[in-house]
Amino acid sequence: MSFMTATLTAAEINALSDPTKSNDDAIRDLDAASHSFSVDVAPFFQSIRVKNTLDAYVERAKLEPSLQVLVVILNCEYKLWKAHEEISMRHKPYLTHWVEALMKTNEESAKEHVDTLTSSGTKAGPSTADIRKTRARYITVLLSEEPSSSQATPQTILAKLHDEDALAAFDPLPYMQMLVEEEVWDKLPESQVRASERPAQKPIPTAKEKKSLHKGQAQEVDSSQSWDDVILRKLKEEPEQAVQELEHLPLEIPSLDFLTKLHVNRTFEDLGIDGQDVTLHYIQHALRLIEKMEAPPPTSQQDTTTNGPTNGVGNGIPIVEYGKEAQSRAVIILLLFIKSSISKGFLEATSLFFELQEICVRYVWIKEVRDFRAWAQGQLGN
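A short tour of the structure in this document, coming up. Sequence order as written defines the numbering, with residues in each chain counted from 1. Predicted model: local features are reported for residues with pLDDT of at least 70 only, side-chain atom pairs are reported and counted for 80 or more only, and whole-chain, interface and lining totals are derived from all residues. In computing side-chain values, all of the structure's heavy atoms are included and hydrogens and water are not.

1. Here's the deal with the overall build of the protein chain
Here is step 1: What the protein chain contains, in helices and strands, is 18 helices and two strands.
Here is step 2: Taken over 382 residues, the protein chain has a buried fraction of 48%.
Here is step 3: The long-range fraction of contacts in the protein chain, counting pairs at least 24 apart against all pairs at least 6 apart in sequence, stands at 70%.
Here is step 4: Accessibility throughout is a Shrake-Rupley quantity obtained with a 1.4 Å probe, and a residue counts as covered only by protein chains that appear here. If you sum the accessible surface of the protein chain, you get close to 19,500 Å²; carbon and sulfur atoms cover 52% of it. Each helix is a run of H or I in the DSSP string that is no shorter than four residues. Each strand is a run of E no shorter than two, and both are numbered from the N terminus. Buried residues are those whose accessible area, probed at 1.4 Å on protein chains only, stays under 20% of the maximum for their type, while exposed residues exceed 50% and partly exposed ones sit between those limits. In this analysis, two residues are considered to be in contact whenever any of their non-hydrogen atoms come within 4.5 Å of each other.

Shown next as structure tokens:
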């Protein structure tokens, strides 16, 4: 079976099928089943298998709706959330999946003109509409990071929703804006553009997100200073603003040298800044830039400011190179930076698990990536 199409085994699915068990109990049973059958439980591979199983059961719910199908769907959603519980909401790998699921639910509900759950929800088994709405409501619970979500059983979740006249109001706009800000999406959906112009419900921030909130606007840059001197000053005076700029530096040798120098000189440590976190977010940003290089060059009428701040400060600058050759060069430069950062102890390989997997799968056509894969597997202990 292909790596990208692998699903959970029958025994693992069975562990997620009991409607009387809480989500946490179901996940413990899943992990036990995976270990007992010697299934690869590496986080990235396990998440792919759970996501593929979830997609299959969402489709199954359209033809064969049942309580068991609903239970598997809810437990799969919880597993994806639980696996990345410590990651801030805007950086959770499956945020896009959850937002798009809510959008699709709204579209399908509008087509069917269904505003409430049907009466078949608890006696005759949930209908397709019941499953869709219950899943959507549960996703809003996960996005809001309500701790009670792990204690309720799928059966009680369905019963609670059945008693409601309509799904609780939930504004997905803040989460969509996160996807745009993190450059996962190019822009907001048309239906949300107007909504973005009015005050929106704020998502509940995690402790990590609260720590990273901006304290103020950036000061005007003294044109007589070099860009790296400007950032060094900001690291002392406005560290949160400086960190944002560091995480969005262009993918160029001077940027990589500067980040390395900040580690070597212990600047991050002296200023109480998590240098590994800054470097990780920069690498994630660089990967998004590299991905966009594969597309045809934009026309003069299109927005080309996707390569982060100009030399780390000011407005965005365009990606000036496109195509496979340019993309290959960028990947090789980034690989050298990643390898150097890990070898020198500036970055732990495990913190880059998903990024390393993405590089080794997406860019396997590059010879240096194939060579890098063996080294990366050794670092990850695979």
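2. Let's talk about the packing of aromatic side chains
Here is step 1: Here a Phe, Tyr or Trp ring, Trp counted by its six-membered ring, pairs with any other such ring whose centre lies within 6.5 Å, and the pair is stacked when the planes are under 30 degrees apart, edge-to-face when over 60, and tilted otherwise. Under the criterion given, the structure shown has five aromatic pairs.
Here is step 2: Consider the rings of F372 and W375, whose centres lie 5.5 Å apart with planes at 35 degrees: the pair is tilted. Taken together, the residues span about one helical turn, with F372 and W375 both in helix 18 (residues 367-380) at a distance of three residues.

3. Quick notes on the nonpolar core
Here is step 1: Among the nonpolar cores identified, the biggest contains 42 residues, and L246, L251, Y282, I283, L334 and I338 are the most heavily contacted of them.
Here is step 2: Secondary-structure elements contributing two or more residues to this core are helix 11 (227-237), helix 12 (239-246), helix 13 (253-264), helix 15 (275-292), helix 16 (324-343), helix 17 (353-362) and helix 18.
Here is step 3: Residues grouped as a nonpolar core are buried Ala, Val, Leu, Ile, Met, Phe, Trp, Tyr and Cys residues, joined through side-chain atoms within 4.5 Å. Counting residues in each nonpolar core, the second largest holds 41 residues, with L74, W98, L102 and L179 among its members.

4. Here's the deal with unusual backbone geometry
Here is step 1: Notably, R266 is not glycine yet its phi reads approximately 60 degrees, a positive angle.
Here is step 2: Note on placement: R266 falls in the loop between helix 13 and helix 14 (267-270).
Here is step 3: What makes R266 partly exposed here is its relative accessible area of 46%.

5. Side note on the environment of A6
Here is step 1: The topology assignment puts A6 in the segment before helix 1 (10-15).
Here is step 2: Relative accessible area serves as the criterion here: at 6%, A6 is assigned to the buried category.
Here is step 3: For A6 and F45, which are 39 residues apart along the polypeptide, the C-alpha to C-alpha distance reads 8.6 Å.

6. Examining the pattern of salt bridges
Two side chains with opposite charge may pair up if their charged atoms get near one another.
Here is step 1: Salt bridge, as used here, is a side-chain nitrogen of Lys or Arg placed within 4 Å of a carboxyl oxygen of Asp or Glu. Applying the stated rule across the entire model yields 17 salt bridges.
Here is step 2: Across the salt bridge formed by R90 and E181, the nearest N and O atoms sit 3.0 Å from each other. Pair noted here: R90 is in the loop between helix 4 (67-82) and helix 5 (95-112) and E181 is in helix 8 (residues 173-181), with a separation of 91 residues, a long-range link.
Here is step 3: Assessed through its relative accessible area of 26%, R90 is described here as partly exposed.
Here is step 4: By sharing partners, the salt bridges in this structure join E291, E358 and R362 into a single network.

7. Some thoughts on the packing of helix 13 against helix 15
How two helices pack is summed up by the angle between their axes together with the distance between the axes.
Here is step 1: Between helix 13 and helix 15, the least distance of the axes is 10 Å, while the angle of their chain directions is 165 degrees. For the element pair helix 13 / helix 15, the angle class is roughly antiparallel. Crossing angle aside, the handedness with which helix 13 passes helix 15 is left-handed. Between helix 13 and helix 15, the residues in contact are S255, L256, L259 and H263 and G275, Q276, V278, T279 and Y282, respectively. Here, axes are lines fitted to C-alpha atoms. For helices the fit covers the stretch in contact, and angles between N-to-C directions go from 0 to 180 degrees. Working definition: roughly parallel below 35 degrees, roughly antiparallel above 145 degrees, roughly perpendicular at 65 to 115 degrees, and oblique for all remaining angles. Two helices cross in a left-handed way if the nearer one is turned anticlockwise from the farther one by less than a right angle. They cross in a right-handed way if the turn is clockwise.

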